[in-house]
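Report on the structure
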Amino acid sequence: TTQDVRILRPDGNEIIAYVSVDPIVERGTVTGALGVARDVTEKRKLEMQIAESERKYRRLTENAYDAIFLVDAGTFEIVDVNPRAEEISGYSRDELLSMPMFRLRRPDQWEGLRARIEEVMRTGMGRYEDAPLIRKDGVAIDVETAASALELEGKRYYHAIMRDVSEHKHMTAELSQRSMELQIIAEVSDAWQSSIDLDSVMGIVLAGVTAGAGLGFNRAFILSYDQSRQVLRGEAGVGPGSAEEAG
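Residues numbered from 1 in each chain as written. Predicted model: local features only at pLDDT ≥ 70, side-chain atom pairs only at ≥ 80, totals over all residues. Heavy atoms only, no water.

**Structural notes on the nonpolar core**
Under the convention used in this document: The term nonpolar core refers to a set of buried residues drawn from Ala, Val, Leu, Ile, Met, Phe, Trp, Tyr and Cys, joined through side-chain atoms within 4.5 Å. Three labels apply to residues, based on accessible area from a 1.4 Å probe with only protein chains included: buried if under 20% of the type maximum, exposed if over 50%, partly exposed otherwise in between. Numbered from the N terminus, helices here are DSSP runs of H or I no shorter than four residues, and strands are runs of E no shorter than two. The contact criterion used throughout is that any non-hydrogen atoms of two residues lie within 4.5 Å.
Of all hydrophobic cores here, the largest spans 26 residues; its most connected members are Phe69, Ile78, Leu96 and Leu104. Contributing elements (two or more residues each) for this core: strand 4 (67-72), strand 5 (78-81), helix 2 (83-89), helix 4 (110-123), strand 9 (143-152) and strand 10 (155-164). Residues contacting Leu96, with those up to four places away along its chain left out, are Phe69, Ile78, Val81, Ala85, Glu86, Ser89, Tyr91 and Leu104.

**Observations regarding the confidence of the model for the protein chain**
To keep things clear, this is the line we draw: Residue-level confidence of the predictor, termed pLDDT, takes values from 0 up to 100.
Chain-level statistics for the protein chain give a pLDDT mean of 78 and a share of 66% at 70 or above. Predicted confidence in the protein chain is weakest over helix 7 (residues 243-246), with a mean pLDDT of 56, and strongest over helix 3 (residues 93-96), with 94.

**A few points about the pattern of salt bridges**
Using the following cut-off: Here, a salt bridge means any Lys or Arg side-chain nitrogen found within 4 Å of an Asp or Glu carboxyl oxygen.
Tallied over the full model, the rule gives 11 salt bridges. For the salt bridge of Arg84 with Glu87, the shortest nitrogen-to-oxygen distance reads 3.0 Å. Here Glu87 and Arg84 lie together in helix 2, a separation of three residues that amounts to about one turn. We note a salt bridge from Asp108 to Arg106, for which the minimum N-O separation is 3.2 Å. Judged by relative accessible area, which is 60%, Asp108 ranks as exposed. Its relative accessible area of 36% is what places Arg106 among the partly exposed residues.

**Describing the side chain of Asp66**
Under the convention used in this document: Definition of a polar contact: a pair of N or O atoms within 3.5 Å, with one able to donate and the other able to accept a hydrogen when the atoms are protein atoms, and with sequence-neighbouring residues admitted only if both atoms are side-chain atoms.
Relative to the helices and strands, Asp66 is located in the loop between helix 1 (41-62) and strand 4. For Asp66, a relative accessible area of 15% puts it in the buried group. There is a polar contact of 2.8 Å between the side chain of Asp66 and the side chain of Arg163. Setting aside its immediate chain neighbours within four residues, Asp66 contacts Asn82, Arg84, Ile161, Met162 and Arg163.

Pasting the structure below:
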């Protein structure tokens, strides 16, 4: 029989002893017992600390807004994920735990990912923003990754926290486009007010609409309306110089 036993020492301190007891049998009769006790107080304290740390880690990861991946730094296999990782990747937990981290990247990014994992395990941490995650449905989403080397039960792992920034990047790009459009409109308006030559004004307007840094159109034209005759008349236009330019 083996079990942990709490023992109160004469000095008032309590220790945990791992006790093993075996019967002494003589001629088929139990005549006594042989017991061995080993002080495992520090070992049990350490095990409790590790268990508590793992419980805290589990609570944090399960409720985290970001996706969390725990990866074996030697095999690159995913060994643990949180629910958010399932959401952004499109894979179930079981599917993720049966694949290497490389499956979430394009083949041309595998060597780069390997190098980054090795760098993080060497330096302790890293932050990356230029490698999209490939979902199960094949869609690439932009993610920011904060990575670190994490030690659990005496083994070091690659710990990656990923945030989906696709919507943020999309909104930033839209705001940039709107800002550029407003700037073009303002420049055209200023030019219009400072010019008295109608042909020059129309040229400025067409340039603003079709310039590479402008509204992005590859053709545009200006029509005037003859109210007395109730007809539209073409005044100026610009467009592709060839079929190739026209797309």
